[in-house]
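# Summary of structural features
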Amino acid sequence: MRSTDIVVVGLGTMGSMTLWQLATTSDQSVLGIEQYGPVHANGAYAGESRLFRVAAKEGELYVPLLQRSRELWVELERQSQREILIPCGVLSLGPRSHPDIVATRRAIDDFALPHDVLDPVNVRTRYPQFHVEDDDIGIFDPLAGGLRPEVAVHAATQQAVRAGAEVLYNTGVRGIDVRGDHVIVSTDAGEIRASKVVVTTGAWTTRLLPDLRPLLTVSTYLLTWLMPRHIEQFMPTRFPAFLRDLGDLHAFGAPSFDGYSIKFCPNRLLPDVASFEEWPTTVGREHLRWIGEQAERLFPDLIPDPVRWSLHSDSETKDKMPLIDSYEDGRITLAVGMSGYGFKFAPVYGQLVADLVTTGASDWQHDLFRIEGHLARNLRVPSRSRANDSMGPTKADEHHAQ
């Protein structure tokens, strides 16, 4: 039986960052296990770009985490010599009384963050790509931008390997069983004995750890890209990543990373499901046509028909708070339930998990992230029996979190 100090199950967003932090800050042996290859299109992190912002409408809890996360994104870029954070900024645009706009301004004031406030005339002058209403206000976050998620996941994993971590790719995990002072991880390649295990398996979590079913569902997110008539107006040097609110519509997106299209994703969500077996695998033409109509409404230069789209699933908690905690006397540590919001926090959450594994505590931990906090808010207590699904996951059963 192979032995190691720490096993990280799932090397997507949270797993790759945790592996990087463990390998570079700890002298313990670390093994990462991933059911797919080093980079692929099956995870929540896939999809070319993610927004990063420091002026977060979520406010007090998240701004310090995002400030630290930005430092770590820059550090990962330095170590890997890869471009990960595109410094195009993020523009939050909506009615001045909109709750998200009000909350964003409050976060800026509370933390004295750099920013620009733009009235409708300023927005139209500076960013003529947007349709702007007379009661809109724009808030530009210069510390923000777009992230390259596939590059980030690969870079973090490679830095971990360079620091001494080992990785098993194309290897499914079939069970996790705590036995006294150690944990047995059953895989397609045999059993592995570890002192501790980190579970960062995203949408596959409840198949591997069924005791968490009362706390987690699976959400699927549709990403879409549309082509402008004048692509030069939508390159990162002239167009920011954005959050746009207009009436009952909320949308987010990014400038062109591919040279011909931009990401535009409105908030018409697909229904949650209980487990990964029920994921939707396609989207209807009517849904795509509606997205095109909204895109042309907010950006008149866009051709109102998506040129490509993709679906990505993630584990979700009831109140969208991440589930990051240790249990079984610290033998198992979780970083799941990112609810589609986790990528921008990934490096600091990786540091948080590494702290929990190596010291049992972290300055970045919060009571709202703990198992007990989630149980109290959900008013349902799952069985605390050992985590082991006798059925075991298939080749699509463990992986990542966005």
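Residues numbered from 1 in each chain as written. Predicted model: local features only at pLDDT ≥ 70, side-chain atom pairs only at ≥ 80, totals over all residues. Heavy atoms only, no water.

### Remarks on the packing of helix α1 (residues 13-25) against helix α8 (residues 346-359)
Between α1 and α8, whose axes approach to 8 Å, the crossing angle comes to 55 degrees. In this view, α1 runs oblique relative to α8, as classed from their interaxial angle. Between α1 and α8 the crossing geometry is right-handed. Counting all contacts with α1, which are made through Thr13, Met14, Met17, Thr18, Trp20, Gln21 and Leu22, the residues of α8 involved are Ala346, Pro347, Tyr349, Gly350, Gln351, Val353, Ala354, Val357 and Thr358. Looking at side-chain class alone, the contact of α1 with α8 contains ten nonpolar, six polar and no charged residues. (Axes fitted to C-alpha atoms, helices over the stretch in contact; angles between N-to-C directions. Helix = DSSP H or I, 4+ residues; strand = E, 2+ residues; numbered from the N terminus. Parallel < 35°, antiparallel > 145°, perpendicular 65-115°, else oblique. Left-handed = near helix turned anticlockwise from the far one by under 90°. Contact = heavy atoms within 4.5 Å. Nonpolar A, V, L, I, M, F, W, Y, C, P; charged D, E, K, R; others polar.)

### Examining the pairing of strand β17 (residues 308-316)
Of all nine residues in β17, seven are buried, a share of seventy percent or more. Across nine bridges, strand β13 (residues 217-226) lies against β17 in antiparallel orientation. If you follow Leu223 over to β17, its bridge partner there is Ser310. (Buried < 20%, exposed > 50% of the residue type's maximum accessible area, 1.4 Å probe, protein only. Pairing = 2+ DSSP bridges.)

### As for helix α9 (residues 371-378)
Each α-helix winds once per 3.6 residues, and so residues spaced three or four apart point in a common direction. Among the residues of α9, Ile371, Gly373, His374, Leu375 and Asn378 are the ones counted as buried. Summarising the contacts, the buried residues of α9 are in contact with β18 (323-327) and β19 (332-336).

### Description of the nonpolar core
Within soluble globular proteins, side chains that are nonpolar tend to cluster in buried spots. Membership of the largest hydrophobic core comes to 54 residues, with the highest contact counts inside it found for Trp73, Ile324 and Tyr349. Mapped by element, the contributors of at least two residues to this core are β1 (2-9), α1, α2 (63-80), α3 (99-111), β7 (136-141), α5 (149-162) and α8. In contact with Ile324, other than residues within four places in its own chain, are Leu334, Ala335, Met338, Tyr349, Leu352, Val353, Leu356, Gln365, Phe369 and Arg370. Tyr127, Leu249, Ala251 and Val283 belong to the second largest nonpolar core, which has 27 residues in total. (Core = buried A, V, L, I, M, F, W, Y, C linked by side-chain atoms within 4.5 Å.)

### Some words on the packing of α2 against α8
For any two helices packed against each other, the geometry is given by the interaxial angle and the distance between the axes. The N-to-C vectors of α2 and α8 enclose an angle of 95 degrees; their axes lie 7 Å apart at closest approach. Taken together, the axes of α2 and α8 lie roughly perpendicular to each other. Each of Leu65, Arg68, Ser69, Leu72 and Trp73 in α2 lies in contact with α8, whose residues at this interface are Ala346, Pro347, Val348, Tyr349 and Gln351. For the contact of α2 with α8, the class distribution of residues is seven nonpolar, two polar and one charged.

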